[in-house]
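Take a look at the letters that make up each chain.
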Amino acid sequence: MKRGLWPTVWLLVVAVLAAVVAAISGLRFWWAFLIVVVAILINGWAATLEDDLPGGFNSPDGTHAPRYAIVTGWIIRILGILLMLSCLAALGAYFFESQ
């Protein structure tokens with residue numbers, strides 16, 4: 001397939017996915033289109049990040065991981081710990097302060 005056709009193909013794929021999402025959810029087409037575009041972009045970023053992390057496809061031995069991948073990995077770990085602590089605090093407040 002010629003390189004000039006790829007943007008058109010991607011636009012058609014996104015439009016079809018957006019039409020399916022709009023039909024299933026009852027959203028307007030353009031909101032569904034925006035959701036599909038953002039989902040594809042986030043998925044691409046997450047796949048690139050996963051490949052760049054130590055042990056990933058682009059850095060199998062962990063010695064050539066880009067700095068952004070290492071920093072992002074630590075940020076995700078810290079956010080996970082904060083989420084876990086906030087869930088534990090909410091459960092503690094629910095069970096121990098409701099009596």
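Counting restarts for each chain: residues are numbered from 1 in the order of the written sequence. Local features in this predicted model are restricted to residues whose pLDDT is 70 or higher, and side-chain atom pairs enter the listing and the counts only when it is 80 or higher, whereas totals over whole chains, interfaces and linings include all residues. Note that the side-chain values use all heavy atoms of the structure and ignore hydrogens as well as water.

K.L.:
Describe helix α1 (residues 6-25), and please don't skip the residues or the numbers.
P.N.:
With 20 residues, α1 should cover 28 Å at 1.5 Å per step; its first-to-last C-alpha distance of 28 Å lies within 8% of that length. The set of residues buried in α1 consists of Val 14, Ala 18 and Ala 22. Projected down its long axis, α1 carries its buried residues within an arc of 75°, all on one side. Of the exposed residues in α1, the ones pointing more than 90 degrees away from its buried face are Leu 12, Val 16, Ala 23 and Ile 24. Residues of α1 that are buried sit in contact with α2 (29-52). Helix and strand assignments come from DSSP, with helices taken as H or I runs of at least 4 residues and strands as E runs of at least 2, each series counted from the N terminus. In the stretch just after α1, Gly 26 is the one whose phi turns positive, near 85°. The length a helix should cover is 1.5 Å for every residue beyond the first. Relative accessibility thresholds used throughout: buried, under 20% of the residue-type maximum; exposed, over 50%; partly exposed, between the two (1.4 Å probe, protein chains only). Comment: arc refers to directions from the helix axis out to C-beta atoms. The contact criterion used throughout is that any non-hydrogen atoms of two residues lie within 4.5 Å.

K.L.:
Any chance you could break down the packing of aromatic side chains for me, citing the residues and the numbers?
P.N.:
Whether two aromatic rings pair depends on their centres lying within 6.5 Å, for rings of Phe, Tyr and Trp, where Trp uses its six-membered ring; planes under 30 degrees apart make the pair stacked, over 60 edge-to-face, and the rest tilted. Tallied over the entire structure, the rule returns four aromatic pairs. Taking 5.1 Å as the distance between ring centres and 75° as the angle between the ring planes, the aromatic pair formed by Phe 29 and Trp 30 counts as edge-to-face. Overall, the relative accessible area of 31% leaves Phe 29 in the partly exposed class. Between Phe 29 and Phe 33, the aromatic rings sit 6.0 Å apart at their centres with planes inclined by 40°, giving tilted as the arrangement.

K.L.:
For the packing of α2 against helix α3 (residues 67-96), give the residues involved together with the corresponding values.
P.N.:
The contact between α2 and α3 brings their axes to 9 Å, and the two run at 105°. Accordingly, the angle class assigned to the pair α2 and α3 is roughly perpendicular. Residues Trp 45, Thr 48, Leu 49 and Asp 52 of α2 lie in contact with α3, whose contacting residues are Tyr 68, Ala 69, Thr 72 and Ile 76. Gly is put with the polar residues, along with every residue not named as nonpolar or charged; the nonpolar set is Ala, Val, Leu, Ile, Met, Phe, Trp, Tyr, Cys and Pro, and the charged set is Asp, Glu, Lys and Arg. Per-class residue counts for the contact of α2 with α3 are five nonpolar, two polar and one charged. Helix axes are fitted to C-alpha atoms over the stretch in contact, other axes to C-alpha atoms as well, and angles between N-to-C directions run from 0 to 180 degrees. Each angle receives one of four descriptions, namely roughly parallel if under 35 degrees, roughly antiparallel if over 145, roughly perpendicular if within 65 to 115, and oblique otherwise.

K.L.:
Please give an account of the nonpolar core that cites residues and values.
P.N.:
Throughout, nonpolar core names a set of buried Ala, Val, Leu, Ile, Met, Phe, Trp, Tyr and Cys residues whose side chains join them through atoms within 4.5 Å. Ranked by size, the top nonpolar core spans six residues in total: Val 14, Ala 18, Ala 22, Ala 32, Phe 33 and Val 36. Residue assignment for this core shows that the elements contributing at least two residues are α1 and α2. Those residues in contact with Ala 22 that lie beyond four places of it in its chain are Leu 27, Arg 28, Phe 29 and Ala 32.

K.L.:
How would you summarise the environment of Leu 53 if you had to cite specific residues and measurements?
P.N.:
By secondary structure assignment, the location of Leu 53 is in the loop between α2 and α3. Residues Leu 53 and Ala 69 lie 16 residues apart in sequence; the distance between their C-alpha atoms is 5.4 Å. Aside from chain neighbours lying at most four places away, what touches Leu 53 is Ser 59, Ala 65, Ala 69 and Gly 73.

K.L.:
Help me get a handle on the side chain of Thr 72, residues and values and all.
P.N.:
Of note, Thr 72 is situated in helix α3. With sequence-adjacent residues up to four places away left out, Thr 72 is seen in contact with Trp 45 and Leu 49.

Function cannot be read off these values alone, since they describe shape.
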